[in-house]
Structures are given as structure tokens and as C-alpha cells.
Amino acid sequence: MSEIEIPESHPRYESLLTRHRIEEGVEKGITSQQGLIAQGRGEAFDYLLGEETIPSADDAERVAAAQLLAAEHAVLSVNGNVAALVPGEIVDLAEATGADIEVNLFNRTAERMDRIADHLRDHGATAVKGLEADGRIPGLDHERAKVDADGIGDADVVLVPLEDGDRAEALAEMGKTEIVIDLNPLSRSAQSAAVPIIDNIIRAVPNMTEHARDLRDHSAAELEAIIDGFDAEEALAAAEQAIRDGDLDK
Ligand code: ATP
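Below you will find a few notes about this structure. All figures in this text were calculated on a predicted structure; none of them were measured in a lab. (Residues numbered from 1 in each chain as written. Predicted model: local features only at pLDDT ≥ 70, side-chain atom pairs only at ≥ 80, totals over all residues. Heavy atoms only, no water.)

By volume, the largest pocket amounts to about 800 Å³. Around the largest pocket, the lining is made up of 34 residues, and of these Gln 34, Ala 38, Leu 162, Glu 163 and Asp 164 lie nearest the centre. Elements supplying a minimum of two residues to the lining of the largest pocket: helix H2 (33-48), helix H4 (80-85), helix H8 (165-173) and helix H9 (188-192). For the lining of the largest pocket, the element with the highest residue contribution is H2, accounting for nine residues. The computed volume of the second largest pocket comes to approximately 170 Å³. (1 Å grid on protein atoms, 1.4 Å probe; cavity = no way out; pocket = protein on both sides within 12 Å on 5 of 7 lines; lining within 4 Å. Points joined across faces, edges and corners; volume = space filled by probe spheres on them. Helix = DSSP H or I, 4+ residues; strand = E, 2+ residues; numbered from the N terminus.)

Quick look at the structure:
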């Protein structure tokens, strides 16, 4: 048994654990009500993917780890769903890659920002950005555009999991290398990413950390070769195919 009263061998264990964490996130004031809807949408895609990391997603996770390691300044953006689902795992990924963590909310309130920052600190984060909000993403209305000038504002590589399409597109237009985790290969966020990862964030983030640990001693040239060998269109097409071929009897 673990944090929920269901044995880990249960066939829907991961899905039930995910729902439990999101519900708890809403109760704690970390996750918005909208976050529940986003989760439901993600689950449907995950079901069709067989609730597993498909080979093209594993490749993308390795490339994303290489991007984070090769970056001048990498930032991991955290919203209410990300904080509820993978708080400790995000801290591990930041440690393995040297990236900063920044809280960045679509529905920003000071209270929710503070709760999420506290929640991340409870899971081992030493520095959490996003509370200054002294930078802007051009092309978005005031509230949605807020970032830290020395965080996402300054980053060359940004991980934006479960992000809304407008903001993902606006960040990509700023010239930042964008890594997106999203179970929907047709979402605008996934389509605008340099590295789209079509996988459940619960599996994707720990796998990226594992790849980052493997790649840690690679030279800049070796990381560059891994990054250059990636084709985003191909990764999206492979995920869409896997979903279209989805075997509902699995
Ligand atoms: P877009 O504007 O990019 O088309 P959207 O506005 O429809 O996207 P939302 O409804 O905000 O997007 O949902 C966020 C996205 O996060 C959805 O595409 C959903 O598939 C994805 N998602 C939800 N839960 C998870 C999860 N656990 N792991 C990965 N992706 C997820």
C-alpha cells in the first residue's frame, strides 16, 4: 500500500494515484478547478496510449534532458497540476540538470502562488522563482504574461508541462527552446514545442531525470548531437499514430 489505499499491483493504480493527487491539490488550494478538467482530458489520451511511455516519448525525454543539460539557463515551469502531481520529481529533475524552478500560473492569485511555492519547498526545493513577477512575456494580457525577469524571462530553455496553448506559443515566439509535456499530440502547446513529450507527466519527469543522470558526463558536442538528431514532427506523428491505433481491450 502507498499514499492511497490501493495495492500498487492494481491495474489502474497509476491512474487512481494521479486522480488522488489532483483531488488533494484542489483541496489544498494548489490546483484550480480547471485543473480537474485538464486532468480528465489527459487521462483519455493516456488510456489510448496504453498508459505507458511509448518509444518516441522516451527518445524525446532523453533529448529534453540533453537540452536542459546543454542550456545556459534552464527553467522548469510549475503550475497547479504539476505541483500536485510531481512536486518531488520536479525538484529531482532541477537538481540533476541545474535548472531553476519557477511557479507560473494561468489563473494567478497571490495565495495560490504562495501555496505552490511552499508545497515545492516541502518537497525539497531550495529556491522557487515566480513570486517577483518583474518580467513579461510579450503578446499576452497582463496577468497571463507575468514571469520573473531572472527566471523564465532570462531562460534559453524552458520546460512547460501541461501548459495552455497561447502561453506555450508566446514563449516559443520569444525564441526560447521549449520543451512541452502534454498527452495530446494535437494540442497547440505540443505543436509549438521544440521538444514535444507526449507522455503522462507522472512518468515523463522521473524518466527525464534518469536520462539526465546518464548524460551528465557527456561533452557539449555529444549533447548537441543528441539534440540535432531529434525531429519534433516525427515524434508528434508517432504519438498520434499510437493513439489512433489504441487498443481499447488492453
Ligand atoms: P491547447 O490550447 O494547447 O490546445 P488546452 O487549452 O486544450 O490546450 P488544457 O485543457 O488547459 O489545454 O489542458 C492541458 C493539457 O494538459 C491537455 O492537452 C491535456 O492532455 C494535458 N494533460 C493533462 N494531464 C496531464 C498529465 N498528467 N500528463 C501530461 N499531460 C496532461
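Next comes the rest of the account.
What follows covers the packing of helix H1 (residues 13-27) against H2. Across the interface, H1 lies against H2 with an axial gap of 10 Å and an inter-helix angle of 170 degrees. Here H2 runs roughly antiparallel to H1, going by the angle between their axes. Here H1 contributes Ser 15, Thr 18, Arg 19, Ile 22 and Val 26 to the contact with H2, which in turn contributes Leu 36, Gln 39 and Glu 43. For the contact of H1 with H2, a count of residues per class yields three nonpolar, three polar and two charged. (Axes fitted to C-alpha atoms, helices over the stretch in contact; angles between N-to-C directions. Parallel < 35°, antiparallel > 145°, perpendicular 65-115°, else oblique. Contact = heavy atoms within 4.5 Å. Nonpolar A, V, L, I, M, F, W, Y, C, P; charged D, E, K, R; others polar.)

Further remarks concern helix H10 (residues 201-215). Along its 15 residues, H10 runs 20 Å from first to last C-alpha, staying within 8% of the 21 Å computed at 1.5 Å per residue. Counting buried positions along H10 gives eleven out of 15 residues, so the element sits mostly inside the fold. Among all positions in H10, only Ile 201, Ile 202, Arg 203, Ala 204, Val 205, Asn 207, Met 208, Thr 209, His 211, Ala 212 and Leu 215 are buried. (Expected span 1.5 Å × (residues − 1). Buried < 20%, exposed > 50% of the residue type's maximum accessible area, 1.4 Å probe, protein only.)

Once that is clear, we can look at the side chain of Ser 32. Secondary-structure assignment places Ser 32 in the loop between H1 and H2. Dropping the residues within four chain positions of it, Ser 32 is found in contact with Val 26, Asn 107 and Arg 112.

Glycine aside, residues mostly have negative phi, and peptide bonds are mostly found in the trans state. Look at Ala 133: it is not a glycine, yet its phi comes out positive at around 55 degrees. Following the sequence through the fold, Ala 133 ends up in the loop between helix H6 (110-122) and strand S3 (135-136). With phi around 50 degrees, Leu 162 is a residue other than glycine that occupies positive phi space. Among the structural elements, Leu 162 can be located in the loop between strand S5 (157-161) and H8.

Turning to the sheet that holds strand S1 (residues 74-78), a few remarks are in order. One open sheet accounts for five strands, arranged S2-S1-S5-S6-S7; its pairing is parallel. Strands with a single pairing partner mark the edges of an open sheet, and in this sheet they are strand S2 (100-103) and strand S7 (195-197). This sheet shows a mean twist of 20 degrees between the axes of neighbouring strands, independent of strand direction. Two strands pair when backbone bridges link them, and S5 and strand S6 (residues 177-181) are joined in this way by five bridges, in the parallel orientation. From the neighbouring strand, Val 160 faces S6, where its bridge partner is Val 180. Packed on one face of the sheet, H6 meets S1 and S2 and runs near 150 degrees to S2. (Pairing = 2+ DSSP bridges.)

Should their charged atoms come close, side chains of opposite charge can pair. The tally for this structure, following the rule as stated, stands at 13 salt bridges. The salt bridge partner of Arg 115 is Glu 111, with a shortest N-O separation of 3.1 Å. Separated by four residues within a single helix, Arg 115 and Glu 111 lie in helix H6, roughly one turn from each other. With a relative accessible area of 36%, Arg 115 lands in the partly exposed category. A salt bridge links Arg 244 to Glu 240; the shortest N-O distance between them is 2.7 Å. Residue Arg 244 and its partner Glu 240 are both found in helix H12 (residues 232-244); the two are separated by four residues, about one turn of the helix. For Arg 244, a relative accessible area of 60% corresponds to the exposed category. According to the relative accessible area criterion, Glu 240 is partly exposed, its value standing at 25%. Three or more residues are tied together by salt bridges with common partners; here these are Glu 14, Asp 46, Asp 199 and Arg 203. (Salt bridge = Lys/Arg side-chain N within 4 Å of Asp/Glu carboxyl O.)

Function cannot be inferred from these measures alone, as they are strictly geometric.
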